[in-house]
Amino acid sequence: MAFINDDFLLKTKTARRLYHGYAEDMPIIDYHCHINPQEIYEDRKFENITQVWLGGDHYKWRLIRSNGVPENEITGDADDYTKFLRFAEMLSKAIGNPMYHWCHLELKRYFGYDGVLNGDTAREVYDLCNKKLRRDDMTVRAIIEKSNVKMIGTTDDPADDLKWHKLLAEDKSFKTAVCPTFRPDKAVNIDKAGFADYIKKLSEAAEIDIKTVSDVKSALEKRLDYFCSLGCRATDHGLDYVVYEPASEESVNEIFKRALRGDGVSQSEADRYKTELMLFLGEKIAEKGIVMQLHYGAQRNTNTAMFDKLGADTGFDCISVKNCGEALTGFLNALNVKGKLPKTIIYSLNPNDNELIDSAIGCFQGTEAQGKIQHGSAWWFSDTKSGMEAQLKSLANLSLLGNFVGMLTDSRSFLSYTRHEYFRRILCNILGEWVENGEYPDDEDTLGKIVKNISFRNAEKYFNI
């Protein structure tokens, strides 16, 4: 029997019925990812599986490093087959890691491979995948279409000209909506290297001479308007931790001016500036009727030697343990008091925050949407089988699981859409277990609606697709 069979992860009859009858064929809304819109427009065709699998995937790089492989055979100048071989040699040791499941799902769905990837089969798999990648039905657009993706939310800087989004919007031959997502982190992170240089870049993009915090706000609002004109459905904010330290704009202005001069700012000063910007952005997001996504709880670039060598987003981040529950509720409350709390999705990298988030979202729901405030899907290091189960069960325990907007890839790879399948199988398995344990009625109509809604329909409605 093939490792990835029809009933993979589906332990009960009810789970199998729910998955095959209601989840399996639902379209995908991948509302948060990091793929390159230029590659979609140009319909890139990859030369080999190393390019599409290992080219920018720091999830995989971390695991290969853990197998004692030198960096030149991971991100360096080694040939592509050597890099693939080192990955394959590692993979057989990744028992219990979601990477093992993800990779074999991708091999099954996109390349028709029913075997197991390891060091012994690496050449066979490499040659098979490369042969298929040369076909016209394995270009980027073809992969997206065969994956039944209705909408993609990329991640984009406010200073981006969105050239590729404009071209995609004008191309009527491609049916998937590719929507820019407004990610203003570089304008918010006043305490990070390169802040002053970035403000100059934002100034040029917005055609506003930025000298004050008010100017920053004007520039960001102007750019957000531009993003919305090209179909933006959401903003995204990568926070080390949630901030809420309100201060007068006058004092925040002084902090901003010192940062522009290159003077250092304290953590408290940085938090005051960030709070001012995030409250402003939250109000504008609400006015435009789009979604605010808050990602927090990461320690980034912990290995300074490797950061100096490879830069950010190369696999040297980890979970942060910082209590910011009061800041989270303070921030949401400040917007809510003004009637300016947008639809919001909250993700913490720390799974210990599941219950905090699920209790907090119940404090700020509204009539603008069912599940206006969401606990986002298990993210990054929590994006595992047990992590997804924990997030789903916590959400079910403390809120309304039936209103959940479901899965996203958060990926840089065009083969990652099978993560939606992985999530749907886990979801159906949990629901099937509850039904067969007598914890929920075996009501086919209601269960089918729940599965379809979480798989696709809730996100479709929430993001106004």
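Above: the structure in question.
Let me sum up the structure you'll find in this document.

Let's talk about the overall build of the protein chain
Then step 1. Tallying secondary structure elements over the protein chain gives 20 helices and 10 strands in all.
Then step 2. The C-alpha atoms of the protein chain give 22 Å as radius of gyration, which agrees with the globular expectation for 465 residues (23 Å, within 12%).
Then step 3. Projecting the C-alpha coordinates of the protein chain onto the three principal axes gives extents of approximately 70 × 55 × 45 Å.
Then step 4. Buried positions account for 56% of the 465 residues belonging to the protein chain.
Then step 5. Contacts in the protein chain between residues far apart in sequence, at least 24 positions, make up 77% of those at least 6 positions apart.
Then step 6. For the protein chain, the exposed area adds up to about 19,100 Å²; of that, 46% sits on carbon and sulfur atoms.

Structural notes on the packing of aromatic side chains
Then step 1. For the structure shown, the criterion picks out 18 aromatic pairs.
Then step 2. Summarising the aromatic geometry, the rings of F46 and F414 are spaced 6.3 Å apart at their centres and angled 45° between planes, so their arrangement reads as tilted. Residue F46 is found in the loop between α2 (37-41) and α3 (49-54), and its partner F414 is found in the loop between α18 (385-398) and α19 (418-436); the two are separated by 368 residues along the sequence.
Then step 3. Note on F46: relative accessible area 4%, which makes it buried.
Then step 4. Between Y81 and Y126, the ring centres sit 5.0 Å apart and the planes meet at 70°, which makes this aromatic pair edge-to-face. In this pair, Y81 sits in helix α5 (residues 80-91) while Y126 sits in helix α7 (residues 122-133), placing the two residues 45 residues apart along the sequence. Take Y81 and Y126: they sit in the same class, and that class is buried.
Then step 5. Ring-pair connections join several aromatic residues into one group, and the members of that group are W53, Y81, F84, F87 and Y126.
Then step 6. The ring of Y81 carries the charged tip of R123 above its face, separated from the ring centre by 3.8 Å.
Then step 7. A cation sits over an aromatic face here: K322 above Y241, 4.6 Å from the ring centre.

Observations concerning the sheet that holds strand β5 (residues 234-239)
Then step 1. Reading across from one edge, β4-β5-β6-β9-β10 is the order of the five strands in this open sheet, with parallel pairing throughout. Strands with a single pairing partner mark the edges of an open sheet, and in this sheet they are β4 (181-182) and β10 (373-375).
Then step 2. Both strand β6 (residues 291-296) and strand β9 (residues 343-348) contribute to a ladder of six bridges, which runs parallel. Bridged to Y296 within β9 is S348.
Then step 3. Here helix α17 (residues 354-361) sits on the sheet and contacts β6, β9 and β10; the angle it forms with β10, its principal contact strand, is near 165°.

Here's the deal with the pairing of β9
Then step 1. Most of β9 is tucked away, with six of its six residues classed as buried.
Then step 2. Here three bridges tie β9 to β10, and the two strands are oriented parallel to one another. Bridge pairing in β10 links T344 to I373.
Then step 3. Chirality of the crossover, the property in question, places the unit of β9, α17 and β10 among those that are right-handed.

What to know about α18
Then step 1. When the terminal C-alpha atoms of α18 are compared, their 20 Å separation across 14 residues agrees well with the 20 Å that a helix rising 1.5 Å per residue should span.
Then step 2. The set of residues buried in α18 consists of G387, M388, E389, Q391, L392, S394 and L395.
Then step 3. Against α17, β10 and α19 lie the buried residues of α18.

Quick look at the packing of helix α4 (residues 58-66) against α5
Then step 1. Look at α4 against α5: their axes get within 9 Å of each other, and the N-to-C directions meet at 70°. Taken together, the axis directions place α4 and α5 in an arrangement best described as roughly perpendicular. Contacts between α4 and α5 involve K60, L63 and I64 on the former and, on the latter, R86, F87 and M90.
Then step 2. Looking at the contact of α4 with α5, its residues break down into four nonpolar, no polar and two charged.

Thoughts on the pattern of salt bridges
Then step 1. Within this structure, the stated rule accounts for 35 salt bridges.
Then step 2. Where salt bridges share partners, they join E221, K284, E287 and K340 into one cluster.

Description of the nonpolar core
Then step 1. Counting residues in each nonpolar core, the largest one holds 149 residues, and the members touching the most others are Y31, I40, I49, W53 and F87.
Then step 2. When sequence neighbours within four positions are dropped, the list of residues in contact with F87 reads W53, L54, K60, I64, M99, C103 and L117.

Points about the sheet that holds strand β2 (residues 149-153)
Then step 1. Here three strands make up an open sheet; going across it, the order is β1-β2-β3 and the pairing parallel. The open sheet has two edge strands with one neighbour each: β1 (28-30) and β3 (177-179). Mean inter-strand twist for the sheet, computed between neighbouring axes without regard to direction, equals 10°.
Then step 2. Relative to β3, β2 runs parallel, the two being bridged by three bridges.

Points about the environment of Y113
Then step 1. Within the fold, Y113 resides in the loop between α6 (98-111) and α7.
Then step 2. Accessibility expressed as a relative area gives 9% for Y113, which makes it buried.
Then step 3. Considering only alpha carbons, one finds Y113 and T446, 333 residues apart in sequence, at a separation of 36 Å.
Then step 4. Residues within four places of Y113 in sequence aside, it is in contact with L107, K108, T121, E124, V125 and L128.

Parameters and conventions
Residues numbered from 1 in each chain as written. Predicted model: local features only at pLDDT ≥ 70, side-chain atom pairs only at ≥ 80, totals over all residues. Heavy atoms only, no water. Helix = DSSP H or I, 4+ residues; strand = E, 2+ residues; numbered from the N terminus. Rg over C-alpha atoms; globule rule 2.2 N^0.38 Å. Buried < 20%, exposed > 50% of the residue type's maximum accessible area, 1.4 Å probe, protein only. Contact = heavy atoms within 4.5 Å. Areas by Shrake-Rupley, 256 points an atom, 1.4 Å probe, with all protein chains shown as cover. Phe/Tyr/Trp six-rings, centres within 6.5 Å; stacked < 30°, edge-to-face > 60°. Lys NZ or Arg CZ within 6 Å of the ring centre and 35° of its normal. Pairing = 2+ DSSP bridges. Axes fitted to C-alpha atoms, helices over the stretch in contact; angles between N-to-C directions. Right-handed = clockwise from strand over helix to strand, strands pointing away. Expected span 1.5 Å × (residues − 1). Parallel < 35°, antiparallel > 145°, perpendicular 65-115°, else oblique. Nonpolar A, V, L, I, M, F, W, Y, C, P; charged D, E, K, R; others polar. Salt bridge = Lys/Arg side-chain N within 4 Å of Asp/Glu carboxyl O. Core = buried A, V, L, I, M, F, W, Y, C linked by side-chain atoms within 4.5 Å.

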